[in-house]
Amino acid sequence: MVSIRLRREGTKNSPYYRVVVANQRSPRDGKFIEQVGVYDPRKPGENSKLAIERLDYWISQGAQPSDTVRSLLRRAKAGAAKAASAAA
């Protein structure tokens, strides 16, 4: 099964994460299929950049997002909708 989850990077006490599509059996920081975004929890405000169209594609193919990725995706879609309504 394929999952969409966070891959920890950065140094000790200063983490940032990459949002990756990976086989569920591979280790947290191991082999992955595709990188679809980044997330920096230490940064205030807009702290994630996601390729929403790629995430939607993988979810349509049956990939299961983790709880954190699901939350990040929900926030990203809400921000994109707000930006689109402000531009119109």
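Above this note sits the structure.
Right, let's walk through the structure included here. (Residues numbered from 1 in each chain as written. Predicted model: local features only at pLDDT ≥ 70, side-chain atom pairs only at ≥ 80, totals over all residues. Heavy atoms only, no water.)

## A closer look at unusual backbone geometry
Using the following cut-off: Runs of E in the DSSP output that reach at least two residues are strands. Runs of H or I that reach at least four are helices, and both are numbered from the N terminus. We call a residue buried when its accessible area falls under 20% of the maximum for its residue type, exposed when it is over 50%, and partly exposed in between, using a 1.4 Å probe and counting protein chains only.
Residues other than glycine seldom take positive phi values, yet N13 does so here, at roughly 65°. The topology assignment puts N13 in the loop between strand 1 (2-11) and strand 2 (14-23). Look at N13 and you get exposed, because its relative accessible area is 63%.

## Focus: the packing of aromatic side chains
Threshold: Only centres within 6.5 Å qualify two rings of Phe, Tyr or Trp (six-membered ring in Trp) as a pair; their planes then separate them into stacked at under 30 degrees, edge-to-face at over 60, and tilted for everything else.
Across all of its chains, the model carries two aromatic pairs by this definition. Arranged with centres 6.1 Å apart and planes meeting at 25°, the rings of Y17 and Y39 form a pair that is stacked. Taken as a pair, Y17 in strand 2 and Y39 in strand 3 (residues 34-39) lie far apart in primary sequence, 22 residues in all. On the basis of an interplanar angle of 75° and a centroid distance of 5.5 Å, the ring pair of Y57 and W58 is categorised as edge-to-face.

## Some remarks on the pattern of salt bridges
How we decide: One side-chain nitrogen of Lys or Arg within 4 Å of one carboxyl oxygen of Asp or Glu is enough to make a salt bridge.
Throughout the structure, instances matching the rule amount to six salt bridges. Members of the salt-bridge network, linked through shared partners, are R7, E9 and R18.

## Some details on the nonpolar core
Operational definition: In this description, a nonpolar core means a group of buried Ala, Val, Leu, Ile, Met, Phe, Trp, Tyr and Cys residues linked to one another through side-chain atoms lying within 4.5 Å. Contact definition: two residues touch when any of their heavy atoms are within 4.5 Å.
Membership of the largest hydrophobic core comes to 15 residues, with the highest contact counts inside it found for I4, L6, V19, V36, L50, L55 and W58. Listing elements by their share of this core, those giving two or more residues are strand 1, strand 2, strand 3, helix 1 (52-60) and helix 2 (67-87). In terms of residues, this core owes the most to one element, helix 2, which gives four residues. Setting aside residues no more than four positions away along its own chain, W58 makes contact with V2, I4, V21, I33, E34, V36 and A63.

The values reported here are purely geometric and, on their own, carry no functional implication.
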